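Here is what each chain is made of, one letter per residue.
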Amino acid sequence: MAAAAATTPHSLLLQRAATPAAPPRAAIAASSLSLSARAARISCAAVAAPSPAAAAAADEAERGVYNFAAGPATLPLSVLKRAQAELVDYHGSGMSIMEMSHRGKEFDAAIKKAEADLRALLAVPDTHAVLFLQGGATTQFAAVPLNLCAGPTDPADFVVSGSWSDKSFKEAKKFSAASVAWSGKDGKYTALPPFDAIKQNPEARFLHICSNETIHGVEFKDYPEPRNKSGILVADMSSNFCSKPVDVSRFGVIYAGAQKNVGPSGVTIAIVRKDLIGAAQPVTPVMLDFKTHADNASLYNTPPCFAIYICGLVFEDLLAQGGLAEVEKKNAHKAGILYDTVDASSGYYICPVDKSVRSHMNVPFTLAKGPDFEKQFIAEADKESMVQLKGHRSVGGVRASIYNAMPLAGVEKLVAFMKDFQARNP
Ligand code: PMP
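Residues numbered from 1 in each chain as written. Predicted model: local features only at pLDDT ≥ 70, side-chain atom pairs only at ≥ 80, totals over all residues. Heavy atoms only, no water.

**Considerations on the sheet that holds strand S12 (residues 362-367)**
Sheet architecture is open: 3 strands sit in the order S11-S12-S14, paired in antiparallel fashion. On the outer flanks of this sheet lie strand S11 (349-350) and strand S14 (398-401), each paired with one strand and no other. Relative to the sheet, helix H12 (residues 324-343) contacts S11, S12 and S14, its axis offset from that of S12 by approximately 15°. Sheet strands in contact with helix H13 (residues 371-383) are S11, S12 and S14, and its direction is about 130° off that of S12. (Pairing = 2+ DSSP bridges. Helix = DSSP H or I, 4+ residues; strand = E, 2+ residues; numbered from the N terminus. Contact = heavy atoms within 4.5 Å. Axes fitted to C-alpha atoms, helices over the stretch in contact; angles between N-to-C directions.)

In structure tokens form, the structure reads like this:
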């Protein structure tokens, strides 16, 4: 079957997919400044072994854009190409991974490898289960109190450091006696508390944090100790999952929508301490009960097969890069040059977030010249093939999301553009 497949129309499809119908956008839209910078990089690559920067420039030329979206977000080109190559005939089966049983040997191998690679990346201890779920991180806002609290009068503590933790707190109030242990609202969500300022209730079932606020750009660099009796810390890690090493043993539950750092939308990953599984409130829907998924190796019902498969490819790619310690160094460097540019702009660009908690994933900033110039900045950047830089509709301004898959060359190009824009519009 596989041999036949290689000569039948889907091989044509693959060829067609590899041949862009139109010239890449960057080739049309890039300014002479950025074109010559890219040409310089590319001509260097012609005489020496391709450097990572040259490889990234070549990627841009092929893709046409640097995508600064907050999520769904850019994925590694190598992963997309591998998925493309495997799409129509997965491992000689004559079927795509989207078309086969989630209980067949091919998908079984894919999900097991994805879990093993994620465990290796984050050094997930045996005390914790890895679950591939659906419903987005938003569904976990309800699932967490349903699984960890005995009922709606059981207390739970929330650090509200931005829009996402505010949403998780509000949802948790339906299924627990959730209360705010600290709020950054008065400071417009630009800071995090000293940990001893978090008013923890010793009777709380858990302490919940959002490790990286995607909209406000506030990121925990360390984690508070839970003071509740069972020592349960819960983190929504949606927007910095797998961006750096994390000591998983410190958490009762970590959850993350995949669509920022590790895959497409459609799968949500939860890492749950095993002793917390099996005590869900009786009203908990079967799909929200961690036990359902832990007992069935995430195959209780039909899982989001394609999304899990892509996550598996991303995990392989992160391991090949040397693991999360290496990935963290790259992310710190990318974020560093962007914040340095903001800080060296003499107030032209403003990032309101306290320096000690600035996110390495989502960099929000405004222009002192006001919203009209922000619009112009975003439109001109778009013409230069740097897309999806608009800040979240609730806060405005500019937001550059620079997840794992954003190449350094993309951030370098943005920084060069920022300096050029400032020089042209003093
Ligand atoms: N938490 C955080 C930190 C997020 O950034 C998002 C999505 N942007 C969510 C939760 C909600 O995730 P989902 O859309 O997967 O429900």
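**Some words on the packing of H13 against helix H14 (residues 408-424)**
Interhelical geometry of H13 versus H14 gives an angle of 130° and a closest axis separation of 11 Å. When the interaxial angle is binned, H13 and H14 end up oblique. Pair H13 / H14 crosses with right-handed handedness. Along its contact with H13, which presents Phe-373, Gln-376, Phe-377, Glu-380 and Ala-381, the element H14 presents Leu-414, Phe-417, Met-418, Phe-421 and Arg-424. The class makeup of the residues in the contact of H13 with H14 is 7 nonpolar, 1 polar and 2 charged. (Parallel < 35°, antiparallel > 145°, perpendicular 65-115°, else oblique. Left-handed = near helix turned anticlockwise from the far one by under 90°. Nonpolar A, V, L, I, M, F, W, Y, C, P; charged D, E, K, R; others polar.)

**Comments concerning the packing of aromatic side chains**
Under the criterion given, the structure shown has 14 aromatic pairs. Taking 5.6 Å as the distance between ring centres and 85° as the angle between the ring planes, the aromatic pair formed by Tyr-349 and Phe-365 counts as edge-to-face. Within this pair, whereas Tyr-349 is found in strand S11, its partner Phe-365 is found in strand S12, the two being separated by 16 residues in sequence. Both residues of the pair, Tyr-349 and Phe-365, count as buried. The interplanar angle of 45° and the centroid separation of 6.0 Å between the aromatic rings of Phe-417 and Phe-421 together place this pair among those described as tilted. In this pair, Phe-417 and Phe-421 both sit in helix H14, 4 residues apart, roughly one turn of the helix. With respect to class, Phe-417 is no different from Phe-421; both count as buried. Here the guanidinium or amino end of Lys-369 rests over the ring plane of Phe-373, the centre of that ring lying 4.5 Å away. (Phe/Tyr/Trp six-rings, centres within 6.5 Å; stacked < 30°, edge-to-face > 60°. Buried < 20%, exposed > 50% of the residue type's maximum accessible area, 1.4 Å probe, protein only. Lys NZ or Arg CZ within 6 Å of the ring centre and 35° of its normal.)

**Looking at the sheet that holds strand S8 (residues 233-236)**
Spatially, the 7 strands line up as an open sheet ordered S2-S10-S9-S8-S5-S3-S4, and their pairing is mixed. In this open sheet, the two strands that pair with only one neighbour each are strand S2 (128-133) and strand S4 (177-183). Pairs of neighbouring strands in the sheet enclose a mean axial angle of 20°, with direction left out of account. Two elements, strand S3 (residues 155-160) and S4, share 6 bridges in a ladder whose sense is parallel. In the strand pairing of S4, Asp-157 is matched with Ser-179.

**With respect to the site of the ligand**
Taken together, the neighbourhood of the ligand is formed by 13 residues, with Thr-138, Thr-214, Asp-236, Gln-259 and Lys-260 sitting nearest. At a separation of 2.6 Å, a nitrogen atom of the ligand approaches a polar side-chain atom of Asp-236. At a separation of 3.0 Å, an oxygen atom of the ligand approaches a polar side-chain atom of Gln-259. Considering the ligand on its own, with 390 Å² of exposed area, one finds that the protein chains cover 85% of that surface. Applying the majority rule of atoms within 2 Å of the grid points places the ligand in the second largest pocket. For the shell around the ligand, the leading source of residues is helix H8 (residues 136-148), giving 4 residues. Here the residues of the shell around the ligand are counted per class, giving 4 nonpolar, 7 polar and 2 charged. (Near = heavy atom within 4 Å. Polar contact = N/O pair within 3.5 Å; in protein donor to acceptor, adjacent residues only side chain to side chain. Areas by Shrake-Rupley, 256 points an atom, 1.4 Å probe, with all protein chains shown as cover. 1 Å grid on protein atoms, 1.4 Å probe; cavity = no way out; pocket = protein on both sides within 12 Å on 5 of 7 lines; lining within 4 Å. Sits in = over half its atoms within 2 Å of the grid points.)

**Things to note about the pairing of strand S9 (residues 253-257)**
Among the 5 residues of S9, 5 are classified as buried, and the element is accordingly described as predominantly covered. Neither face of S9 is left uncovered, since the one carrying Val-253, Tyr-255 and Gly-257 and the one carrying Ile-254 and Ala-256 both have all their residues buried. Taken together, the 5 bridges between S9 and strand S10 (residues 268-273) define a ladder with antiparallel strand orientation. Opposite Gly-257, over in S10, you have Thr-268 as the bridge partner.

**Some thoughts on H8**
Compared with the 18 Å implied by 1.5 Å per residue over 13 residues, the 19 Å span of H8 between its first and last C-alpha is a close match. For H8, the tally of buried residues reaches 10 of 13 residues, placing the bulk of the element in the interior. What H8 keeps buried is the set Ala-137, Gln-140, Phe-141, Ala-142, Ala-143, Val-144, Pro-145, Leu-146, Asn-147 and Leu-148. Considering only its buried residues, H8 is in contact with S2, helix H9 (163-172), S8, S9, S10 and helix H10 (290-295). (Expected span 1.5 Å × (residues − 1).)

By themselves, these are just geometric observations and shouldn't be taken as functional.
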